[in-house]
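Listed below, chain by chain, are the residues.
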Amino acid sequence: MLFAVGAQRGRALGIPGEEDSPEVQDALSYLRRVNGGNRTPFTGRVLVIGGGSTAVEAARTARRLGAAEVTILYRRSETELLAGPEEIEACAKEGIEIRFLVTPNAVVRDDDRFLGLECLEIQLGEPDSSGRRRPMPVAGS
(Lines give C-alpha, C1' and ligand atoms only; values in the text may rest on other atoms or scores of the structure.)
Protein backbone atom coordinates (compact mmCIF):
# COMPACT_ATOMS: atom_id res chain seq x y z
CA MET A 1 0.00 0.00 0.00
CA LEU A 2 1.16 3.53 -0.78
CA PHE A 3 -0.26 6.63 0.78
CA ALA A 4 1.38 9.75 -0.64
CA VAL A 5 0.33 13.33 -0.10
CA GLY A 6 1.72 16.16 -2.15
CA ALA A 7 0.77 19.72 -2.84
CA GLN A 8 -2.95 19.93 -3.51
CA ARG A 9 -3.11 23.48 -4.85
CA GLY A 10 -1.18 25.23 -7.54
CA ARG A 11 0.59 28.47 -6.77
CA ALA A 12 0.34 31.67 -8.70
CA LEU A 13 3.51 33.20 -10.13
CA GLY A 14 2.63 36.58 -8.66
CA ILE A 15 3.64 38.54 -11.75
CA PRO A 16 1.86 41.37 -13.60
CA GLY A 17 -0.63 40.22 -16.21
CA GLU A 18 -1.01 36.71 -14.82
CA GLU A 19 -4.55 37.14 -13.48
CA ASP A 20 -5.80 38.59 -16.77
CA SER A 21 -4.37 35.77 -18.87
CA PRO A 22 -6.39 32.58 -19.31
CA GLU A 23 -3.34 31.18 -21.10
CA VAL A 24 -1.56 31.04 -17.74
CA GLN A 25 -2.64 28.10 -15.61
CA ASP A 26 -1.18 26.18 -12.73
CA ALA A 27 0.26 22.73 -13.41
CA LEU A 28 -1.86 20.87 -10.86
CA SER A 29 -5.14 22.13 -12.35
CA TYR A 30 -3.86 21.32 -15.83
CA LEU A 31 -2.85 17.78 -14.86
CA ARG A 32 -6.19 17.21 -13.08
CA ARG A 33 -8.06 18.23 -16.26
CA VAL A 34 -5.97 15.91 -18.41
CA ASN A 35 -6.33 13.01 -15.96
CA GLY A 36 -10.07 13.71 -15.88
CA GLY A 37 -10.28 13.12 -19.63
CA ASN A 38 -9.83 16.63 -21.10
CA ARG A 39 -7.01 15.86 -23.52
CA THR A 40 -7.31 18.94 -25.70
CA PRO A 41 -4.29 18.92 -28.03
CA PHE A 42 -1.74 21.74 -28.02
CA THR A 43 -0.62 23.18 -31.31
CA GLY A 44 1.93 25.78 -30.30
CA ARG A 45 4.61 26.45 -27.73
CA VAL A 46 4.36 25.75 -24.02
CA LEU A 47 6.43 27.21 -21.18
CA VAL A 48 6.42 25.49 -17.81
CA ILE A 49 7.79 27.30 -14.78
CA GLY A 50 9.46 25.25 -12.05
CA GLY A 51 11.95 22.50 -11.38
CA GLY A 52 10.03 19.83 -9.53
CA SER A 53 8.23 16.67 -10.54
CA THR A 54 4.92 18.47 -11.14
CA ALA A 55 6.54 20.88 -13.59
CA VAL A 56 8.24 18.01 -15.41
CA GLU A 57 4.99 16.02 -15.61
CA ALA A 58 3.10 19.05 -16.94
CA ALA A 59 5.78 19.61 -19.58
CA ARG A 60 5.84 15.95 -20.66
CA THR A 61 2.04 15.83 -20.78
CA ALA A 62 1.84 18.95 -22.95
CA ARG A 63 4.43 17.45 -25.29
CA ARG A 64 2.48 14.20 -25.57
CA LEU A 65 -0.66 16.19 -26.34
CA GLY A 66 1.00 17.73 -29.37
CA ALA A 67 2.80 20.87 -28.24
CA ALA A 68 5.32 21.71 -30.95
CA GLU A 69 7.83 23.08 -28.46
CA VAL A 70 7.99 22.70 -24.68
CA THR A 71 10.47 24.55 -22.50
CA ILE A 72 10.86 24.39 -18.74
CA LEU A 73 12.13 27.57 -17.08
CA TYR A 74 13.86 27.10 -13.74
CA ARG A 75 15.19 29.90 -11.54
CA ARG A 76 18.06 27.91 -10.11
CA SER A 77 20.87 25.82 -11.58
CA GLU A 78 20.77 22.19 -12.63
CA THR A 79 22.32 21.10 -9.31
CA GLU A 80 19.37 22.62 -7.41
CA LEU A 81 16.78 20.97 -9.64
CA LEU A 82 14.17 19.15 -7.54
CA ALA A 83 13.09 16.70 -10.24
CA GLY A 84 15.00 13.43 -10.33
CA PRO A 85 17.64 12.49 -12.90
CA GLU A 86 15.32 9.96 -14.56
CA GLU A 87 12.69 12.69 -15.06
CA ILE A 88 15.25 15.02 -16.61
CA GLU A 89 16.47 12.27 -18.91
CA ALA A 90 12.88 11.58 -19.97
CA CYS A 91 12.44 15.28 -20.81
CA ALA A 92 15.53 15.20 -23.00
CA LYS A 93 14.27 12.10 -24.82
CA GLU A 94 10.96 13.84 -25.49
CA GLY A 95 12.66 16.97 -26.83
CA ILE A 96 11.83 19.20 -23.88
CA GLU A 97 14.38 21.94 -23.25
CA ILE A 98 15.21 23.06 -19.72
CA ARG A 99 16.52 26.61 -19.32
CA PHE A 100 18.24 27.33 -16.04
CA LEU A 101 18.74 30.61 -14.16
CA VAL A 102 15.70 32.36 -15.61
CA THR A 103 12.46 33.53 -13.96
CA PRO A 104 9.23 35.06 -15.26
CA ASN A 105 8.73 38.76 -14.62
CA ALA A 106 5.48 39.65 -16.44
CA VAL A 107 2.90 38.33 -18.88
CA VAL A 108 3.01 40.39 -22.07
CA ARG A 109 -0.31 41.12 -23.79
CA ASP A 110 -1.62 43.40 -26.52
CA ASP A 111 -5.22 44.05 -25.48
CA ASP A 112 -6.85 40.61 -25.64
CA ARG A 113 -3.92 38.88 -27.33
CA PHE A 114 -1.31 36.92 -25.39
CA LEU A 115 2.16 37.78 -26.74
CA GLY A 116 4.54 36.05 -24.37
CA LEU A 117 6.34 36.01 -21.10
CA GLU A 118 8.95 38.57 -20.07
CA CYS A 119 11.73 36.85 -18.14
CA LEU A 120 14.79 37.86 -16.16
CA GLU A 121 18.16 36.17 -15.96
CA ILE A 122 19.10 34.97 -12.50
CA GLN A 123 22.31 34.68 -10.54
CA LEU A 124 22.54 32.61 -7.38
CA GLY A 125 23.27 34.36 -4.11
CA GLU A 126 23.77 33.10 -0.59
CA PRO A 127 21.81 30.05 0.61
CA ASP A 128 18.26 30.70 1.83
CA SER A 129 16.41 28.97 4.69
CA SER A 130 16.08 25.79 2.60
CA GLY A 131 19.86 25.61 2.19
CA ARG A 132 19.67 26.28 -1.55
CA ARG A 133 21.34 29.35 -3.03
CA ARG A 134 18.85 32.17 -3.32
CA PRO A 135 17.93 33.27 -6.89
CA MET A 136 18.54 36.97 -7.53
CA PRO A 137 17.59 38.79 -10.77
CA VAL A 138 20.49 40.09 -12.87
CA ALA A 139 20.16 43.88 -13.21
CA GLY A 140 19.30 44.98 -16.74
CA SER A 141 18.55 41.47 -18.01
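How each quantity is defined
- Residues numbered from 1 in each chain as written.
- Predicted model: local features only at pLDDT ≥ 70, side-chain atom pairs only at ≥ 80, totals over all residues.
- Heavy atoms only, no water.
- Pairing = 2+ DSSP bridges.
- Helix = DSSP H or I, 4+ residues; strand = E, 2+ residues; numbered from the N terminus.
- Axes fitted to C-alpha atoms, helices over the stretch in contact; angles between N-to-C directions.
- Buried < 20%, exposed > 50% of the residue type's maximum accessible area, 1.4 Å probe, protein only.
- Contact = heavy atoms within 4.5 Å.

A. Summary view of the sheet that holds strand β6 (residues 133-137). Taken in spatial order, the 3 strands line up as β4-β5-β6 in an open sheet, and their pairing is antiparallel. Every other strand in the sheet has two partners, leaving β4 (102-110) and β6 as the edge strands with one partner each. Geometrically, the sheet is characterised by an average inter-axis angle of 35 degrees between neighbouring strands, direction not taken into account. In this structure, strand β5 (residues 113-127) lies alongside β6, joined through 4 bridges in antiparallel fashion. Across the sheet, L124 pairs through a bridge with P135, a residue of β6.

B. Representation of unusual backbone geometry. Even without being a glycine, L101 presents a positive backbone phi close to 60 degrees. In this fold, L101 is placed in the loop between β3 (97-100) and β4. Positive phi, close to 55 degrees, is recorded for D111, a residue that is not glycine. With respect to the element layout, D111 can be found in the loop between β4 and β5. Residue classification places D111 among the exposed positions, given a relative accessible area of 71%.

C. Highlighting the sheet that holds strand β1 (residues 45-49). Spatially, β1-β2-β3 is the arrangement adopted by the 3 strands of the open sheet, whose pairing is parallel. Among the strands making up the open sheet, the edge pair consists of β1 and β3. In this sheet, neighbouring strand axes are inclined to one another by 25 degrees on average, regardless of whether the strands run parallel or antiparallel. Here 4 bridges tie strand β2 (residues 69-74) to β3, and the two strands are oriented parallel to one another. The residue of β3 that forms the bridge with Y74 is F100. Sheet strands in contact with helix α2 (residues 53-64) are β1 and β2, and its direction is about 170 degrees off that of β2.

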